[in-house]
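These are the residues of each chain, in order.
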Amino acid sequence: MSEPTLPDGVERREIAGEERLATRGEPVYGEPTADGWRAWDPERSKLGGMLELGLETGLTGGETVLYLGAASGTTVSHVADFAGPTYAVEFAPRPARDLLDAAAPRDRLFPLLKDARKPETYAHVVERDVDAVVQDVATRGQAEVAARNARFLADDGRLLLAIKARSEDVTAAPEAVFEGALDRLREAYEIVETRRLDRFHEDHLGVVATPK
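Reading the values: rules and limits
Residues numbered from 1 in each chain as written. Predicted model: local features only at pLDDT ≥ 70, side-chain atom pairs only at ≥ 80, totals over all residues. Heavy atoms only, no water. Pairing = 2+ DSSP bridges. Helix = DSSP H or I, 4+ residues; strand = E, 2+ residues; numbered from the N terminus. Axes fitted to C-alpha atoms, helices over the stretch in contact; angles between N-to-C directions. Phe/Tyr/Trp six-rings, centres within 6.5 Å; stacked < 30°, edge-to-face > 60°. Buried < 20%, exposed > 50% of the residue type's maximum accessible area, 1.4 Å probe, protein only. Patch = residues over 30% accessible without salt bridge, like charges linked within 9 Å, V, L, I, M, F, W, Y side chains within 5 Å. Areas by Shrake-Rupley, 256 points an atom, 1.4 Å probe, with all protein chains shown as cover. Salt bridge = Lys/Arg side-chain N within 4 Å of Asp/Glu carboxyl O. Lys, Arg positive; Asp, Glu negative; His and termini not counted. Charge placed at Lys NZ, Arg CZ, Asp CG, Glu CD. UniProt positions renumbered as here; feature names shortened; annotations may be inferred. Contact = heavy atoms within 4.5 Å.

Let's hear about the sheet that holds strand S7 (residues 109-113): which residues, and what values?
Reading across the sheet, the seven strands line up as S7-S6-S5-S8-S9-S11-S10 and stay open at both edges, with mixed pairing between neighbours. Since the sheet does not close on itself, it has two edges, and those belong to S7 and strand S10 (189-196), each with one partner. Geometrically, the sheet is characterised by an average inter-axis angle of 15 degrees between neighbouring strands, direction not taken into account. Of the strand pairs in this sheet, strand S5 (residues 65-68) and strand S6 (residues 86-90) are connected by four bridges, and their pairing is parallel. Paired with Val65 across the strands is Thr86, a residue of S6.

Can you break down the packing of aromatic side chains residue by residue, with the values?
One pass over the structure, following the stated rule, counts three aromatic pairs. A centroid spacing of 6.2 Å and a plane angle of 35 degrees characterise the contact between Trp40 and Phe82, whose relative ring orientation is tilted. Of this pair, Trp40 sits in the loop between strand S4 (37-39) and helix H1 (46-52) while Phe82 sits in helix H2 (residues 74-82), and the two are 42 residues apart along the sequence. Here Trp40 matches Phe82 in class, with each residue buried.

Any details on the sheet that holds strand S1 (residues 10-15)? Residues and values, ideally.
Within the open sheet, the four strands sit side by side as S1-S2-S4-S3. Their pairing is antiparallel. Of all strands in the sheet, those with a lone pairing partner are S1 and strand S3 (33-34), marking the two edges. In terms of strand pairing, S3 meets S4 through two bridges, oriented antiparallel. Its bridge partner lying in S4, Thr33 is registered against Arg38.

So, a negative patch on the surface: which residues are in play, and what are the values?
Together, Asp129, Asp131, Asp155 and Asp156 give the surface a local cluster of negative charge. The topology assignment puts Asp156 in strand S9 (residues 153-164). Classification of Asp156 as exposed rests on a relative accessible area of 68%.

Outline H2, listing residues and values.
The buried fraction of H2 is high, at nine of nine residues. Along H2, the positions that sit buried rather than exposed are Thr74, Thr75, Val76, Ser77, His78, Val79, Ala80, Asp81 and Phe82.

Which residues make up the UniProt feature "binding site: S-adenosyl-L-methionine" (unreviewed entry) in the protein, and what values do they have?
This chain's UniProt record puts "binding site: S-adenosyl-L-methionine" (unreviewed entry) on Thr74, Thr75, Glu90, Phe91, Asp115, Ala116, Asp136, Val137, Ala138 and Thr139. Phe91 gets classed as exposed once you look at its relative accessible area, which sits at 52%. Beyond its immediate chain neighbours, meaning those up to four positions away, Phe91 contacts Leu113, Lys114 and Asp115. The topology assignment puts Ala138 in the loop between strand S8 (130-135) and helix H4 (142-148). According to the relative accessible area criterion, Ala138 is exposed, its value standing at 57%. Once you skip the residues sitting within four places of it in the chain, Ala138 turns out to touch Lys164 and Ser167.

Shown next, in the form of structure tokens:
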């Protein structure tokens, strides 16, 4: 079985003595760099973990991306290094300040201090028919957030979602949480692939889906 193709602009590079996923850009979170490439730490990035584990993300490079749950910019900065216009939604003011710093040298990264549960508040800014929605929102109702934001995806676009079981219910078994979330997702999406991310992120499920 061949390894999934990495997006253009994402490569495996020798950095700090080991081969790592990397993108070209200004460092954001103290990650090691070499020759203009910055290591993409899969233990600090759900999407990085999905790429390391070989999920078929469908990302090729240059696409328009809506990123939900951008936090301080760790992952979305890597995305903006290889993608096209990248809209970064973050609700909490403190990490949003760091996100602004990450965006300063990246003219394709557009921070939005908005609530991903309320897409109507940024619908006037975000382009329709985006190529990918990437979601890492640590809140209850993660599948509901994805469903509400399906409006932005192109017909052939992809949802790349990391479901955090403990954000939904700390008392329930992760498998039960994931099944419940997938049931809700199936109302708006076709599930293409799922994989546990426990190698890098305990009790997380990576999901690739396309809009119905």
